[in-house]
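For reference, the chains in residue letters:
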Amino acid sequence: MEGSSPTRRRRKAVAEEENQIASSTDIPKETDIVPSKRPRNNDPALARRAISLLRSRLCGHSQPLLLPEAQENERKIFELLSETIRNASNNSILLLGPRGCGKSLVLNKVMVEIQHEYPERLSVIRLSGLLHTDDYSALREIAKQLCVEHQLVFSKAASFDDNSQFLTTMLRECALSHKSVVFILDDFDLFAQMSKQKLLYNLLNIMQSREAQALVIGVSCRLDADQLLEKRVRSRFSHRKILFNPPSADDLQKLLPQLLSLPVDSSTIDTNYAEAFNASIQDMFKSKDVKNILLSITKVDLSPRHMLNFLFLVVCAMDWKYGFLSLSNFKQACVALRRQTKLESMRDASVLELYLLVSMKRLEGKERETYNFITVFKEYKSLHDSHSTCDLYPQEVCQRAFENLLDRQLIMIADGRRSSIGIEFCPVKLLVSSYEIEEGLKSSPVCPAILLQWFAHEEFK
Amino acid sequence: MRAADGGGGNPICCFPSGNGSSRVTEGNALHSPNSKAGETSRRTRSRAASPLKAAIHQSHSQHEGQHLSEEAWIAPDMLYSHLVDRFPARNSEINQLLGLLGEPCDLLFPLFVYGGASTGFLIDACTFAVSDKAGSINKGLVSPQKKKGYRGEERDGSLPVVYLIFDNVELLLDWSGGFRLISALVRLSEFSGLENLGLIFISSLGPDAFFSGTGLLEAIPIYMRDYADDDLHQILLKEKPNRALYSAFLSAVLKPFSRVTRRVTELSEALEPLFQKYTEPIRRGTVKPDDQGKRKLFSFIQPHVTSALHQTCSLSFSANSLLLNGQKKISADHLELDFQLSLCSKYLLISAFICSRNPATLDATFFDSSGGSSKKRRRRSSQTAVEKKELERQEKLLKGPGTFPLERLLAIFCCISADFADELDEIELTSMDQRSGVEMSSDVLMQVSTLVNANLLYRGSSDLLEGAPRYRCNASDDLIQAVSRSVNFPLSRYLYRM
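By convention here, each chain's residues receive numbers from 1 onward along its written sequence. Chain labels run from A onward and ligand labels from 1 onward, assigned in the order the entries are written. Given that the model is predicted, a residue must reach a pLDDT of at least 70 before its local features are reported, and side-chain atom pairs must reach 80 or more before they are shown or counted; all residues, however, enter totals for whole chains, interfaces and linings. Where side-chain values are given, they derive from all heavy atoms of the structure, hydrogens and water being excluded.

**Focus on the side chain of Glu379(A)**
Now for step 1: A helix here means a DSSP run of H or I that spans at least four residues, while a strand means a run of E at least two residues long, and both kinds are numbered starting from the N terminus. Within the fold, Glu379(A) resides in helix 18 (residues 373-386).
Now for step 2: Once you skip the residues sitting within four places of it in the chain, Glu379(A) turns out to touch Ser359(A), Arg362(A), Leu363(A) and Lys366(A). Pairs of residues are marked as contacts when any of their non-hydrogen atoms sit within 4.5 Å.

Below you can see the structure in the form of structure tokens.
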């Protein structure tokens, strides 16, 4: 949480860029984007239908468009699966990659295909590290899913031992009937962080025997997920890994217009309108302003999920009376997605809160490492003693403002917990950098002039 | 978590069962602190203790076909103007939210609505907007059984979205495993396999607290800014009987108040007594509420503004101090306490204050007239010594009041009550004098525990080695000054000055 220097620098860069974008295009001129020769859409119902369609495409679970690398990965996983089924072998694999890069998406797609290709030859068990937080519940869930799969009655009262015995028996039975059991472990790293890694050990250990026929697929966003494994678990793991990298910015730029275009041959959407809409999208993505905005978005995060979020915001901002996307939609979405939370809360802070922040900043300037409300208040008072302003408030009022600052997360209690003495003696830390305070003071509509001086000149008394 | 009714099936029941996190939720829901209850006066509905419970409650009530809002159903075209009317100064936010929510069947990503405390109504606006939509479409809830068939169908957006709203998500951070629960909730739609889930998280903390560093899937942030001065004027004016007069009052007082705080709850609380004062001349009939009268009223109220500002803001407790639950310092505003204390407790309180402020090594110099380090060596204060002193003082400020064992408190109490009791001639005192001077009766110990109960003394954890509990004086300087004045005790003579 503490702003170290690289993040501060990054924030600074982001902020500057934001200003550029905001200043360069203050007044949206929608007519620039859609030439007047194109027929104006006058039917809002059409536009609403188009928005609905785009939204379900962006947020739905079956996102059809895959990037080239993902397709390559898809092929690899498919081959591994079919090989496992055909050879009746045991395997394990890890799918690694940052969040939102399509690991689960690709996996789900492959599973559908493989079930189509080899019907009745495999049963799938899905676990998630977020949901199944201990061995007991995980094993129970496995038993349950096995029961559902094979039309058995699941006993709620089954103990841990019962379930684990059931699992072994089932695996053996499945192997005898040439059925592979696929375990998909979502958030694999969380399973690895459980105590003793009993579940992982059990699963991988069963696979060592010839009796079972199983495949363990771990999905994780931690690239070092296999390093988390204990030695006895790691030695049973195959160390096969597939990496999912975020796509390049160029690929994304090509993909985005496709995601936003409407189908021309649909029954629900008028063909003329769809064509006009698609043409306007193509024009938009060629314009320089939109390219700049996309660049600023992709600079932060390249993952497809991030882009989908962005496009979702763009589509939601669309005015259905107007019927087409406009440049202002893109700008709005860009601002909405990249919130500068600290600056926003600085902008909202009251005058007294700003005074306290500057006092803390000055204390830091004096190389005071720890400070609490009492010392901050002393500094605040000493400033006011030398320059009488109208903003000198008694201690209780200031303490209120101090608590508000804590609520706003501009400061935090240094050791993370409130001590029993009371809030005024807890050591606190600033969560905003000097640069952010400066920006915040400048952007605040209520900041008095003298406060800026106090901030700028440390020796100023 | 399982749906109680057998018919349609509640949408939340498709959450994979047998999971750890949901058990965590249920377990903790009973204990979760309902800390913000004091602040919700502006809400139409009270917040539930657990976000998950609230969500379940809401989806249940939807299922029963009840409208969540007390108002009648509003046509979609009128929704925007209605909301703007109900929640002034929130046009852009309402616009954005309505855009994101879209039509009843439009799918959406998880939304994360956040804003400071007491930007409260807007959060209500959000629930209102959603419930209004959800209320009109409550027939078509999906059951998990239908889901499989649905996937094969051509997806023509025929299914309405089921909205789950999680209020006060920031409380989850205090739970054990809270982070995990939140990340599971954000991905609820993925886990359940339902596309038409609308997840909305409402929090008073920004997204930084939730989504930073954990690599979690980010929800779309929507910020509710604090109200500006004009907005506050508009809001505080709402539902006031005499609008013209109140408006004039606000233009006179709002500016200085908004420099301190811009929370609507705090402001309305603080302004109420001031408005009573403002209208006093009118009620007495000395001033008529016309333009001339307003000018008079303005000059009449001006001197009161500052004092009201200083008093009211400190009297009302914020959510934070409520969380501290009584460990809030008793401040000088509670001076009525002064009159309820017995003389014995006053002396106890003073001695406790001395114990907390003075280092224990100096007790002998202050209280033992015969001994102690009587030979005062005056050393020339060198540069380093001054710096050292300064450092020491800083340390002291940082640490707060010190702790002391019961024996020290009683010893000092004996000294000061013996010294000063005979200087006063009160009836109560003479009886106390005989008792406390010579022997420590059980009454005094009773008084100590009373002071602890009244939160003037804080009873800390017992020392590991000694085994006896240590105490700390919780009273503020001002209060002690007032108390010592009331018994004519020369406090400053006994305080160590650094």
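**Remarks on the environment of Leu250(B)**
Residues and elements named next belong to chain B.
Now for step 1: Its place among the elements puts Leu250 in helix 11 (residues 243-260).
Now for step 2: In this structure, the C-alpha to C-alpha distance between Leu250 and Leu271, residues 21 residues apart in sequence, is 8.8 Å.
Now for step 3: Apart from the residues within four sequence positions on either side, Leu250 is in contact with His233, Leu236, Leu237 and Leu271.

**A look at unusual backbone geometry**
Residues and elements named next belong to chain A.
Now for step 1: At Glu120, a residue that is not glycine, the phi angle is positive and equals roughly 70 degrees.
Now for step 2: Following the sequence through the fold, Glu120 ends up in the loop between helix 5 (103-117) and strand 2 (122-128).
Now for step 3: The backbone phi angle of Lys196 is positive, close to 70 degrees, even though this residue is not glycine.
Now for step 4: Structurally, the position occupied by Lys196 is in the loop between helix 8 (188-192) and helix 9 (198-206).

**As for the environment of Ser204(B)**
Residue and element names in this part refer to chain B.
Now for step 1: Structurally, Ser204 can be placed in the loop between strand 3 (197-203) and helix 9 (208-211).
Now for step 2: Throughout this description, buried means an accessible area under 20% of the type-specific maximum (1.4 Å probe, protein chains only), exposed means over 50%, and partly exposed covers the range between. On the basis of relative accessibility, which here comes to 21%, the residue Ser204 falls in the partly exposed class.
Now for step 3: Placed 20 residues apart in sequence, Ser204 and Met224 show a C-alpha to C-alpha distance of 9.7 Å.

**Details of the sheet that holds strand 3 of chain B**
All names here are of chain B.
Now for step 1: Reading across from one edge, 2-3-1-4 is the order of the four strands in this open sheet, with parallel pairing throughout. Lying at the two open borders of the sheet, with one neighbouring strand each, are strand 2 (162-166) and strand 4 (220-224). The average undirected angle you get between the axes of adjacent strands in this sheet is 20 degrees.
Now for step 2: Here, a strand pair is defined by DSSP locating no fewer than two bridges between the strands. Pairing geometry for strand 1 (residues 111-115) and strand 3, over four bridges, is parallel. If you follow Val113 over to strand 3, its bridge partner there is Ile202.
Now for step 3: The sheet contacts of helix 4 (residues 91-101) involve strand 1, strand 2, strand 3 and strand 4, and relative to strand 4 the element is tilted by about 155 degrees. Structural elements are reduced to axes, namely lines fitted to C-alpha atoms, with helices fitted over the stretch in contact, and the angle between N-to-C directions of any two is expressed from 0 to 180 degrees.

**A word on the side chain of Arg263(B)**
Now for step 1: The residue Arg263(B) is located in the loop between helix 11 and helix 12 (264-278) in this model.
Now for step 2: The class of Arg263(B) is buried, set by a relative accessible area of 7%.
Now for step 3: A polar contact of 3.2 Å, which involves the side chain of Arg263(B), links it to the side chain of Asn404(A). Two N or O atoms form a polar contact when they lie within 3.5 Å of each other; inside protein one atom must be a possible hydrogen donor and the other a possible acceptor, and for residues adjacent in sequence the pair counts only when both atoms belong to side chains.

**Thoughts on the confidence of the model for chain A**
All names here are of chain A.
Now for step 1: Scored by pLDDT, chain A has a mean of 81; 88% of the residues are at 70 or more.
Now for step 2: pLDDT gives the predictor's per-residue confidence on a scale running from 0 to 100. Predicted confidence is poor over residues 1-11, with pLDDT under 50, and the contacts of this stretch with residues over four places away or in other chains come to 11 contacts.
Now for step 3: Across residues 17-38, where pLDDT falls below 50, the model places 28 contacts with residues more than four positions away in sequence or in other chains.

**Here's the deal with the pattern of salt bridges**
All names here are of chain A.
Now for step 1: What makes a salt bridge here is a side-chain nitrogen of Lys or Arg within 4 Å of a carboxyl oxygen of Asp or Glu, nothing more. Throughout the structure, instances matching the rule amount to 19 salt bridges over all chains.
Now for step 2: Between Asp187 and Arg99 there is a salt bridge whose closest N-O contact spans 3.5 Å. With Asp187 in the loop between strand 3 (180-186) and helix 8 and Arg99 in the loop between strand 1 (91-96) and helix 5, the pair connects residues that are 88 residues apart, well separated along the chain.
Now for step 3: Classification of Asp187 by relative accessible area gives buried; the value is 4%.
Now for step 4: On the basis of relative accessible area, Arg99 is assigned to the partly exposed category, the value being 23%.
Now for step 5: Its salt-bridge partner being Arg408, residue Glu353 comes within 2.8 Å of it at the nearest N-O pair. Within this pair, whereas Glu353 is found in helix 17 (residues 351-365), its partner Arg408 is found in helix 19 (residues 395-408), the two being separated by 55 residues in sequence.

**Observations concerning the confidence of the model for chain B**
All names here are of chain B.
Now for step 1: Mean pLDDT over chain B: 65, with 60% of residues reaching 70 or higher.
Now for step 2: Taken together, the stretch residues 1-72 has pLDDT below 50 and engages in 127 contacts with residues farther than four places along the chain or on a different chain.
Now for step 3: Scored below 50 in pLDDT, residues 132-157 shows 43 contacts in the model against residues more than four places distant or in partner chains.

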